[in-house]
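Summary of structural features
Each chain, written out:
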Amino acid sequence: MSSLLESSQFMVEDINIFSTSDLFLRHRLKLVEDLWEAVLKAECGQELVDLLKQLRTMCSPEGQVTSIPEASITELIEQLELNEAIRAARAFALYFQLINIVEQHYEQREQQLTRRAACAENENKSSNRNKKEIYSPPKQVNLLEKRFEGDIASDKAGTFHWLFPQLKQLNVPPQQIQRLFDQLDIRLVFTAHPTEIVRHTIRRKQQRIVGILRRLDQAEESFRGMGLNDSWEAQTAREQLTEEIRLWWRTDELHQFKPSVLDEVDYALHYFDEVLFDALPQLSKRLQRALKSSFPSLRPPVSTFCRFGSWVGGDRDGNPFVTPEVTWRTACYQRNLVIEKYLDSIDNLTELLSASLHWSNVSQDLLDALERDRSAMPEIYEQLAIRYRHEPYRLKLSYIQKRLENTRDRNNRLANPEQRQLLSSLIVQNIYSSGAEFRQELELIRRNLKETGLNCQELDNLLFQVEMFGFTLTQLDFRQDSSRHSDAIEEIAEYLNILPQPYNQLPEEEKVKWLVQELGTRRPLIPTGMQFKKGENSETVETMRMLRYLQKEFGLEICQTYIISMTNYISDVLEVLLLAKEAGLYDPAMGTTTIRIVPLFETVDDLKRAPQVMGDLFQLPLYRAALAGGYDRLQSSNNSNSPTSLTLSILQPTNLQEVMVGYSDSNKDSGFLSSNWEIHKAQKALQKVAKPHGIDLRLFHGRGGSVGRGGGPAYAAILAQPTSTINGRIKITEQGEVLASKYSLPELALYNLETATTAVIQSSLLGSGFDDITPWNEIMEELATIARKAYRALIYEQPDFLDFFLSVTPIPEISQLQISSRPARRKSGKKDLSSLRAIPWVFSWTQSRFLLPAWYGVGTALQEFLDKETEENLKLLRYFYLKWPFFKMVVSKVEMTLSKVDLQIAHHYVRELSKNQDIERFDRVFKQISQEYYRTRDIILSITNHQKLLDGDIGLQRSVQLRNGTIVPLGFLQVSLLKRLRQYTHQAESGVVHFRYSKEELLRGALLTINGIAAGMRNTG
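In what follows, the accompanying structure is described. The residue numbering used here restarts from 1 in each chain and proceeds along that chain's sequence as written. For this predicted model, a pLDDT threshold of at least 70 governs which residues receive local features, and a threshold of 80 or more governs which side-chain atom pairs are given and counted, while totals over whole chains, interfaces and linings are taken from all residues. Calculated side-chain values reflect all of the structure's heavy atoms, with hydrogen atoms and water omitted.

**So, the overall build of the protein chain**
In terms of helices and strands, the protein chain carries 40 helices and eleven strands. Counting only residues that meet the buried cut, the protein chain has 61% of its 1021 residues in that class. Throughout, a residue-residue contact means that at least one pair of heavy atoms, one from each residue, lies within 4.5 Å. For the protein chain, long-range pairs separated by at least 24 residues make up 83% of all intrachain contacts whose partners lie at least 6 apart in sequence. With residues, only the protein chains shown are counted as cover, and all accessible areas are computed by Shrake-Rupley using a 1.4 Å probe. Of the roughly 41,200 Å² of accessible surface on the protein chain, 49% is carried by carbon and sulfur atoms. The helix count covers DSSP runs of H or I at least four residues long, the strand count covers runs of E at least two residues long, and both are numbered beginning at the N terminus. Think of it in three bands: with a 1.4 Å probe and only protein chains considered, a residue is buried below 20% of the maximum accessible area for its type, exposed above 50%, and partly exposed in between.

**Focus: the pattern of salt bridges**
What makes a salt bridge here is a side-chain nitrogen of Lys or Arg within 4 Å of a carboxyl oxygen of Asp or Glu, nothing more. For the structure shown, the criterion picks out 63 salt bridges. Of the charged contacts, one joins D34 and K30 as a salt bridge, the two residues approaching to 2.9 Å between their closest N and O atoms. On the criterion of helical spacing, the pair formed by D34 and K30 is a turn pair, its members being four residues apart in helix α1 (residues 21-44). Given a relative accessible area of 34%, D34 falls into the partly exposed group. Across the salt bridge formed by D606 and R609, the nearest N and O atoms sit 2.6 Å from each other. Here D606 pairs with R609, and both are found in helix α22 (residues 604-618), just three residues apart, close to one helical turn. When its relative accessible area of 2% is taken as the criterion, D606 is described as buried.

**Considering the nonpolar core**
Counting residues in hydrophobic clusters, the biggest one holds 139 residues, and the most contacted among them are F804, W841, F850 and L973. Ranked by residues supplied to this core, first place goes to helix α4 (residues 82-131) with 15 residues. Setting aside anything within four residues of it in sequence, one finds F804 in contact with T809, W845, F850, V910, F922, V925, F926 and I929. Each nonpolar core is a collection of buried residues, namely Ala, Val, Leu, Ile, Met, Phe, Trp, Tyr and Cys, held together in the definition by side-chain atoms within 4.5 Å. If you look at the next biggest cluster of nonpolar residues, it comprises 93 residues, including F181, A192, F277 and I732.

**Side note on the pairing of strand β1 (residues 185-190)**
Of all six residues that make up β1, five are buried, and the element is covered over most of its length. For two strands to be treated as a pair, DSSP must find at least two bridges joining them. Sheet topology note: the β1/strand β11 (residues 729-734) ladder contains six bridges and is parallel. Of the residues in β11, the one forming a bridge with R187 is K731. Looking at chain direction, β1 and strand β2 (residues 306-310) are connected through five bridges and run parallel. Note on β2: the bridge partner recorded for V189 is G309.

**As for helix α39 (residues 954-990)**
In this scheme, a helix's expected span is set at 1.5 Å multiplied by one less than its residue total. Counted at 1.5 Å a residue, the expected span for α39 with its 37 residues is 54 Å, and the 53 Å between its end C-alpha atoms agrees. The sharpest bend along α39 reaches about 30° and sits at I967, with the proline P969 one to four residues further on. At the exit of α39 stands G991, carrying a positive phi of roughly 95°. Take the seven residues that end at a residue and the seven that start at it, fit an axis to each, and the angle between those axes is the bend at that residue.

**Quick look at the sheet that holds β1**
Here we have nine strands laid out as an open sheet, ordered β3-β2-β1-β11-β10-β9-β8-β5-β4, and parallel in their pairing. One side of each edge strand has no neighbouring strand; the edge strands of this open sheet are β3 (475-476) and β4 (478-481). The sheet contact formed by β4 and strand β5 (residues 561-565) spans four bridges and is parallel. Bridge pairing links F478 to Y562 in β5. Axis geometry follows a simple rule: fit a line to the C-alpha atoms, using only the stretch in contact for helices, then measure angles between N-to-C directions, giving values from 0 to 180 degrees. Relative to the sheet, helix α18 (residues 482-496) contacts β4 and β5, its axis offset from that of β4 by approximately 70°.

**Some words on the packing of aromatic side chains**
Pairing of aromatic rings covers Phe, Tyr and Trp, the last counted by its six-membered ring, and requires centre-to-centre distances within 6.5 Å; plane angles under 30 degrees mean stacked, over 60 mean edge-to-face, and any other angle means tilted. Across all of its chains, the model carries 45 aromatic pairs by this definition. Sitting over a ring, as applied to charges here, requires NZ of Lys or CZ of Arg to be within 6 Å of the ring centre and within 35 degrees of the ring normal. The cationic tip of R109 hangs over the ring face of F24; the distance from NZ or CZ to the ring centre is 3.8 Å. The residue whose ring lies beneath K168 is F295, and the NZ or CZ to ring-centre distance is 5.4 Å.

**Structural notes on unusual backbone geometry**
A cis amide bond, omega -5°, links Q652 with the succeeding residue P653. Structurally, the position occupied by P653 is in the loop between α24 (631-635) and β9 (656-662). Phi at L950 takes a positive value of approximately 70°, unusual for a residue other than glycine. Of note, L950 is situated in the loop between α38 (919-944) and α39.

**Concerning the packing of helix α7 (residues 174-183) against helix α29 (residues 746-765)**
Where α7 contacts α29, the two axes come as close as 11 Å, and the packing angle between them is 130°. If you check the angle between α7 and α29, you find them oblique. Here α7 and α29 pass one another in a crossing that is right-handed. Packed against α7, whose contacting residues are Q176, I177, L180 and F181, the element α29 presents I761, S764 and L765 at the interface. Residue composition of the contact of α7 with α29, by class: five nonpolar, two polar and no charged. By the definition adopted for this analysis, an angle is roughly parallel if under 35 degrees, roughly antiparallel if over 145, roughly perpendicular if from 65 to 115, and oblique otherwise. By convention, the crossing between two helices is left-handed when the near helix turns anticlockwise from the far helix through less than a right angle, and right-handed when the turn is clockwise. In this count, Pro and Cys sit with the nonpolar residues alongside Ala, Val, Leu, Ile, Met, Phe, Trp and Tyr, while Asp, Glu, Lys and Arg are called charged and the others, Gly among them, polar.

If you want it as structure tokens, here you go:
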């Protein structure tokens, strides 16, 4: 089979591939491709290999259809037996998965090499400075001008060892850096959107292949270093790689059943178990080492400056399967996982800390603790006293281990509904009620070690992990649609007959007045034993009660955030506070609460209204008191001795308001440019509203994996935010589809965390005025308005568009794909765009190679601006691209998306999947889309001064082209299988079926192609 790599015309045999990173990657890709071909030949015979070769020759290396007539390609594929088509689709899907692994392995290797070089360079500079320190007066320069010219293009940009020398060179005041460190707070929240549709079983195989590649690297580096051509270690590794690929080929790629919420919990927490638990301590150490070389006198941020959260098991917006019971079991699952990790660490420490009383002293406090342990757990003493009679650390760790085991066992019983009620009322001895208790015991050991001149790095790591993860692993965020709260309150008010008309029909002013009145009293609103007519309303109330129950059992750290989707008005927030009061989460007398209510502004209209909503909320004394930690603290904010609630703890930090901005629905509503601009403006306006009230703002960015949902490199995205809105604080969703690419390997995970942290520090300290230049804002406002109009003219006003979308994309089949516990639509019923979730919306356009949500309307807006004064306005746009981070981010994302668009294959979807009577009208829609694509592409190339898309990022360009070449035949296969499936469905509706294959077989084939294209496109939905 001809290789995709042959066009580069190089010989790796005569070159030291380890000296040239690009050649190393190509060498690895060639090896994996050869093994893939060999496995297919052995498993399926030469026929399949020849078929794949024939299909791949139908497209160019760049991924476009060649001059071969489309009809002949279609004829070849449609003549295939279903079995042949499925095998070809599986083969291409496997290919994409393999090259993804190789690229990730390569990225990790390059990051390690770059990091080593940066560390060495900084150490040399630091050494030279120590020899001769030269005073450098403050430079009178525009910090942002210097910051954004060339430096961020460095391959070291985004790392701590790059950042701190930059800050020193720019003479950023150390006091300013210290203030930022003292409030540094980065939150990354995992969500469950696995559009990559990869089974857990396949994930394990990917990990094993990564391990083999690592061993192969080591073997090849060794034998080349000795002047040899090969070694038995390298041969063994290649044989193991072949075996793994063969086993993978024989494994089913698709889920055998629709994953449950708890399956998704397991999927997301897998990255904590395999990577993050051990990797996170290294992040803080990296920052400290890099900081010390440039600013040795500064105090580093607390080690937990970067924390994780999760929506998986807590996000119930539109997902009926996330019940209070599921959320409880999720919390138990998390606690069980982290305790098992601690038990592994205690085993390791027991092996390490073998110090004997014969050769090492211990302090009295440790001896006293051992005596207390002996009284509390005599069975452990009797079992181990002789074995560890002179080894006090090992004996202490044995008591700790037993308490952990007891805590784990109780937790496992709590997960069982039948045992939960009994256990919650019993006082169980010899367990840890919190991670803090566990940490105190570890601190006792560390203190004793230090007093006797010993240090244990493994113990330090474990203490960091306990501080980071506690007994909860990660914080669970709750989310629910705003209408669910108002519906529940309406039924309660109707039952009590206390309002003149149904609650949902009240004007907003009357709603707010009544809600404030109810929030001012401790009188319960919900009568004991009230039976709800609607199950959804009962569940809404029970969810609040479950939240309180979780906090009592696990502590406040398990769940504090309650997000309101589709927030429109103040009443949406007050409704949640009222339901929280009913559950004991809000004390109306003291004004304290144990939850942070987070409004989520999603549509463009909501984003525009957000500043007014938050400003009105901040005017309400009861709401301000809830943020401040109670009425007393609000009235005397400088008095730290103010009395507190007797029933509720106070959330820390106080006076912090979290606001979430949604990228997905605003993009679906108004298009890419308008969405990003409205979010940009809303952030600045929200900051201005919060500041006069003394409220700190933490913006929560609901980014997706794809560009159409706010995705893209986090480093550039953070730098593109309005500087004044970050101030060391940010919260970002990490979608399920990108978890593998970011967190499957330790060095990849650390690199992503380091770049995100660097961007937050960089953006907070090296602020600019570019976001506040009025003429620039006016131009962007004009561009966004035109882009929104063009986008909505197609999506919502073109009469044939909805039929076009439902016909020429695989959206009907995606709805049947077993990839998520969440339904594809928010509400069942009419198949319109308003009820369709953003994930399947974007996913379907990606499959058919339109990628329309991420770029449509941008070209029209830019063209209208250029038409006014072509030469001058083009210069201005190029200047924006060079200087303005926001504009550069927009252009770069559009450029990347356009590089993945293939209108030739997209047109094939239109021609083949349209009914005869629809072809003419659908062709008109396609022509409109095509014109906008070419318009956008040409203007983007003019702004960037590139000859081809992605010329400014050769690595990404290579990666996209590598995939595009094989996605084309997979697209043809998908169209053929979709046609057959839809023909079957049409015949079944008429009552007469003339098909050799069942619907299940056809659907399986179509879903396999969806799986393959998703793997090839990577950022999918």
